[in-house]
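Descriptive structure summary
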Amino acid sequence: LGARLAPPTPSGSGGSGRGDASHLTPRGGAGVGAMSRRERAPDPGPGGAEVAAEDAEPESPDQCLSLLPWDRFSAWLHCVCVVGFDLELGQAVEVIYPPHSKLTDKEKTNICYLSFPDSNSGCLGDTQFCFRFRRSPGRKVSFCCFLDQLDKDLPVYLKKDSAYYYGYVYFRQVRDKSLKRGYFQKSLVLISKLPYVHLFRTMLKQIAPEYFEKSEAFLEAVCSDVDRWPPPVPGKVLQLPLMGLIMKLRIPTYRDKPGTTPIVQNMHQADAQISMALPTVHEVDLFRCFCPVFFHIQMLWELVLLGEPLVVMAPSPAESSETVLALVSCISPLKYCSDFRPYFTIHDSEFKEYTTRTQAPPSVILGVTNPFFAKTLQHWPHIIRIGDIKLPGEVPKQVKVKKLKNLKTLDSKPGVYTSYKPYLNKDEEIVRQLQKGVQQKRPTEAQSVILRRYFLELTESFIIPLERYVASLMPLQKCISPWKSPPQLRQFSQDDFMKTLEKAGPQLTSGLKGDWIGLYRHFLKSPNFDGWFRSRQKEMTQKLEALHLEALCNENLVFWSQKHTEVETVDLVLKLKNKLLQADREHLPVKTDTLKKLQTHINDIILALPDDLQDILLKTGTT
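The name given to the protein chain in an unreviewed UniProt entry is DEN6A protein, and the organism recorded there is Agelaius phoeniceus. UniProt annotates the protein chain under Sequence similarities (unreviewed entry) with the comment "Belongs to the DENND6 family."

Written out as structure tokens, the structure is:
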């Protein structure tokens, strides 16, 4: 009876295989391991990460079959834009498809400038990159409820951020003597709320070259295909038709074992269509991105974890965007909660806000290519300078961390410019492992797997003690009474948490030495802790609400109503109806049977009342 309630939905293996708690992974974070399975709330189901089978879905996607035209398209993309260069106007949006797509003038301006590389980049030929920009406030979101519910099954780092759009760009610049400028310059841009970098990059690679040859009619056909795609249901193997090609992929779920990528098999197509299996929807090539600075990966992990201001100076948007996305992903399965801009220009609507010297640099990661930023952002505390990203043919040489005063221009040597001193001692083993891979000509995909596993284990070792402590803030099960409001979570105490580290700290799952206490103190002041804790708090509060509903269902409510006045009974009915509405509105983790049982209780109580009250209560809605 005295068992403490578990925080909601622990699942899956953390994948580090090194410690006593790393095999437990909560939905919003990266490991908990404080209590036995017997004491926990029931698991939502098997992890389903090893095999690309269809996981349990919240509801049938058939609900979306009756959607309006373009609703399926909107589940994946907001719109497709074509940005060209006009001699008089400069960059301009030439086409928006579908034509009814809404973009504010501010959004169009951002898209125009972010869809072209800076003139100094000299990107001849075809270039792919991505950017991220703020949505204009106060706009209605037309998105079916079913699709919104899909978001709750995603890992926390893949959930949509309704305040931002992503832009996925395919830019072409080739010589053309028939044009006044002597060059053909145009970008095909996919605008989406989804952070599925690899999917949209693959899609653009398939359609953009053909679009530049065939123009608008081809674009209309592409959008028509996207409007036939199934909803982006996490855990299902999805088949997406695209101009005669079938792309097969699986969107991860929060139940997946971190660090594993299910294999989507390339099955034979009966109708002879070409099939392409995507190994991931969102991951970038980590090793390739970190190659120029891989001696400093552990320090960069700390800087990202702590939400420190970081700027990546690169020769082109392709390098800047890939490196920023790699940095953001290195603390997975934690979500990076601050703003990040894979490609940022001097024309960006947040340029003044982010480059002002009147206050400390914000918690943000910027990817830039314009040499102007070398001067504008020289007061930033941490700057990563990278050259052209090329995989090393030989073992890279050790590069020292450089002092900020040595960074004068974008022509400065590649490296990390900072005065930051890492809290943890350097892990030489990962550097040796990657160097050995270079010597043995190990494929970059294999190097990326090693690096991703290293970051995952580091993050899990760090977060497990926090998960364990937060689990202890849940009230005891015996504290939940159907006749009282659900109990509150206990307050998070930094001092109490620090006391737990001596016996149950990261040393249980990591061999790394260093000032872990200092790292935790710094992290607790960061936006990443704030975002993580708010998410866990919300989940645990919803779990308490769900358990309170179950406690109500297990009571004989009709018997209770017979012992109380009509006024008290009517009050109970209204409160129970509100409980049902809350469960639906907040997607509480309650079984369908529990909700049906509660509805039956409500109906039985109403039928036991006088006819006039029955009529009123059966018609009464709740707010």
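What follows covers the packing of helix α12 (residues 444–471) against helix α14 (residues 516–523). Put simply, α12 and α14 touch, their axes get as near as 12 Å, and they point 75 degrees apart. If you check the angle between α12 and α14, you find them roughly perpendicular. Contact with α12, carried on its side by Leu458, Ser461, Phe462, Pro465 and Leu466, involves Trp516, Leu519, Tyr520 and Phe523 of α14 and no other residues of that element. Considering only residue class, the contact of α12 with α14 consists of 8 nonpolar, 1 polar and no charged.

Right, let's talk about empty space enclosed by the protein for a bit. By the definition in use, this model includes 2 cavities of 30 Å³ or more. Taken as a whole, the second largest cavity spans an internal volume of roughly 40 Å³. Ser74, Ala75, Trp76, Lys193 and Leu194 are the residues nearest the centre of the second largest cavity, which is lined by 10 residues in total. The element contributing the most residues to the lining of the second largest cavity is helix α1 (residues 71–76), with 3 residues. Looking at side-chain class alone, the lining of the second largest cavity contains 5 nonpolar, 3 polar and 2 charged residues.

Before going further, it helps to examine the packing of aromatic side chains. Considering all chains together, one arrives at 38 aromatic pairs under this definition. Relative to phenylalanine 492, the ring of tyrosine 469 has its centre 5.0 Å away and its plane inclined at 85 degrees; by these criteria the two rings are edge-to-face. Residue tyrosine 469 is found in helix α12, and its partner phenylalanine 492 is found in the loop between α12 and α13 (494–504); the two are separated by 23 residues along the sequence. Take tyrosine 469: its relative accessible area is 6%, and that puts it in the buried class. What links up through ring pairs into an aromatic cluster is the set Trp301, Phe462, Tyr469, Phe492, Phe497, Tyr520, Phe523, Phe529, Trp532 and Phe533. Positioned above the aromatic ring of tyrosine 164 is the side chain of arginine 132, whose terminal nitrogen or guanidinium carbon lies 3.8 Å from the ring centre. Arginine 132 extends its terminal NZ or CZ atom over the ring of phenylalanine 340, reaching a point 4.0 Å from the ring centre.

Let's shift gears to the side chain of glutamine 542. Structurally, the position occupied by glutamine 542 is in helix α15 (residues 527–553). Not counting chain neighbours up to four residues away, the residues in contact with glutamine 542 comprise Glu586, Leu588 and Pro589.

Attention now moves to the environment of histidine 382. Within the secondary structure, histidine 382 is located in strand β14 (residues 382–385). The exposure class of histidine 382 is buried, given its relative accessible area of 4%. Contact partners of histidine 382, with chain neighbours within four places excluded, come to Leu303, Glu308, Pro309, Leu310, Val311, Tyr417, Thr418 and Tyr420. Within the local environment of histidine 382, its side chain forms a polar contact with the side chain of glutamate 308, the two groups lying 2.8 Å apart. Polar side-chain contacts of histidine 382 include one of 2.7 Å to the side chain of threonine 418.

Cut-off values and rules
- Residues numbered from 1 in each chain as written.
- Predicted model: local features only at pLDDT ≥ 70, side-chain atom pairs only at ≥ 80, totals over all residues.
- Heavy atoms only, no water.
- UniProt positions renumbered as here; feature names shortened; annotations may be inferred.
- Axes fitted to C-alpha atoms, helices over the stretch in contact; angles between N-to-C directions.
- Helix = DSSP H or I, 4+ residues; strand = E, 2+ residues; numbered from the N terminus.
- Parallel < 35°, antiparallel > 145°, perpendicular 65-115°, else oblique.
- Contact = heavy atoms within 4.5 Å.
- Nonpolar A, V, L, I, M, F, W, Y, C, P; charged D, E, K, R; others polar.
- 1 Å grid on protein atoms, 1.4 Å probe; cavity = no way out; pocket = protein on both sides within 12 Å on 5 of 7 lines; lining within 4 Å.
- Points joined across faces, edges and corners; volume = space filled by probe spheres on them.
- Phe/Tyr/Trp six-rings, centres within 6.5 Å; stacked < 30°, edge-to-face > 60°.
- Buried < 20%, exposed > 50% of the residue type's maximum accessible area, 1.4 Å probe, protein only.
- Lys NZ or Arg CZ within 6 Å of the ring centre and 35° of its normal.
- Polar contact = N/O pair within 3.5 Å; in protein donor to acceptor, adjacent residues only side chain to side chain.

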